[in-house]
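One-letter residues, chain by chain:
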Amino acid sequence: MSTTGEGGTAEAMIAEAKKALWVMVGLLGLLWAIQIVNALGGYDLSREFGIETRDPASLPEIFTAPLLHYGWDHIEANSGPLFVFGFLAAYRGVKKWLGVSLLIVVASGLGIWVISPSSAVTVGASGLVFGYFGYVIVRGLFDRHPIDIVIGLVLALCFAYQFTSLLPTEEGVSWQGHLFGFAGGIIGGWLFRDRRPRAAAAPDAATTLLPKDPA
């Protein structure tokens, strides 16, 4: 009997993984195209569309700041982890990934807006990077998929050094975005977990009514 549902068959998983691959290629292409325009303009886009701490007028920039960077080193540092973590977050379902991504962007952006230093203007995709990192680590536990549990464990061990970036250890780095993005990814793992229907309980043999024997 074939298994149904998102990612339920090998064919569905492969198709979704291909879709996830191209989605991440497209996202990185968009980030680099914006970076070229931004760099040619002296990074005016970053200053205009970055998140300004505790400025109510800057709240919409929560959605534009992850697309912008302050230099080539900045975008290069984010691109590799974003592609790997983003693909792992999306390969079981791009629709679910979109919901998780939106949650991470909002959580990371609000964290930056509330607790970053005054007068700071923050941009960068690192909140998404840490959000996907947190999501992939916990997804297998919430979904009860053995493969995803192994992927999450391996990711946590191989990139354990990333946890230091959740704390204020380096000046000029938005640990606030990292921390709240990571938290958003964990919450996303719970909110967007697979909800399998419960199996119907078998009737209790002691209470099953049987037709009477004919007299």
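Provided above is the structure to which this section pertains.
What comes next concerns the included structure.

Scoring rules and cut-offs
- Residues numbered from 1 in each chain as written.
- Predicted model: local features only at pLDDT ≥ 70, side-chain atom pairs only at ≥ 80, totals over all residues.
- Heavy atoms only, no water.
- Salt bridge = Lys/Arg side-chain N within 4 Å of Asp/Glu carboxyl O.
- Helix = DSSP H or I, 4+ residues; strand = E, 2+ residues; numbered from the N terminus.
- Buried < 20%, exposed > 50% of the residue type's maximum accessible area, 1.4 Å probe, protein only.
- Expected span 1.5 Å × (residues − 1).
- Arc of directions from axis to C-beta.
- Contact = heavy atoms within 4.5 Å.
- Axes fitted to C-alpha atoms, helices over the stretch in contact; angles between N-to-C directions.
- Parallel < 35°, antiparallel > 145°, perpendicular 65-115°, else oblique.
- Left-handed = near helix turned anticlockwise from the far one by under 90°.

## Remarks on the pattern of salt bridges
On inspection of all chains with the given rule, the structure shows five salt bridges. The salt bridge partner of Glu16 is Lys19, with a shortest N-O separation of 3.7 Å. One end of the pair is Glu16 and the other is Lys19, both in helix α1 (residues 10-40) and three residues apart, which spans about a single turn. On the accessibility criterion, Glu16 (14% relative accessible area) is buried. Exposure remark for Lys19: the relative accessible area of 44% places this residue in the partly exposed category. Among the salt bridges present, the one from Arg47 reaches Asp44, with a minimum N-O distance of 2.7 Å.

## Re helix α6 (residues 146-158)
Note: α-helices contain 3.6 residues per turn, so residues at a spacing of three or four share the same orientation. With 13 residues, α6 should cover 18 Å at 1.5 Å per step; its first-to-last C-alpha distance of 18 Å lies within 8% of that length. When α6 is considered as a whole, its buried residues turn out to be Asp148, Gly152, Leu155 and Ala156. Angular distribution of buried residues about the axis of α6 spans 95°; they occupy a single face of the element. Exposed residues lying more than 90 degrees from the buried face of α6 are Pro146, Ile147, Val150, Leu153, Leu157 and Cys158. Tucked into the core, α6 has its buried residues touching α3 (72-90) and α5 (126-143).

## What to know about the packing of helix α4 (residues 94-115) against α5
It is at 10 Å that the axes of α4 and α5 come closest, and there the two elements cross at 130°. Between α4 and α5, the interaxial angle falls into the category oblique. Both α4 and α5 take part in a crossing whose hand is right-handed. Here Lys96, Trp97, Val100, Ser101, Ile104, Val105 and Ser108 of α4 come into contact with α5, specifically with Gly127, Leu128, Gly131, Tyr132, Tyr135 and Asp143.

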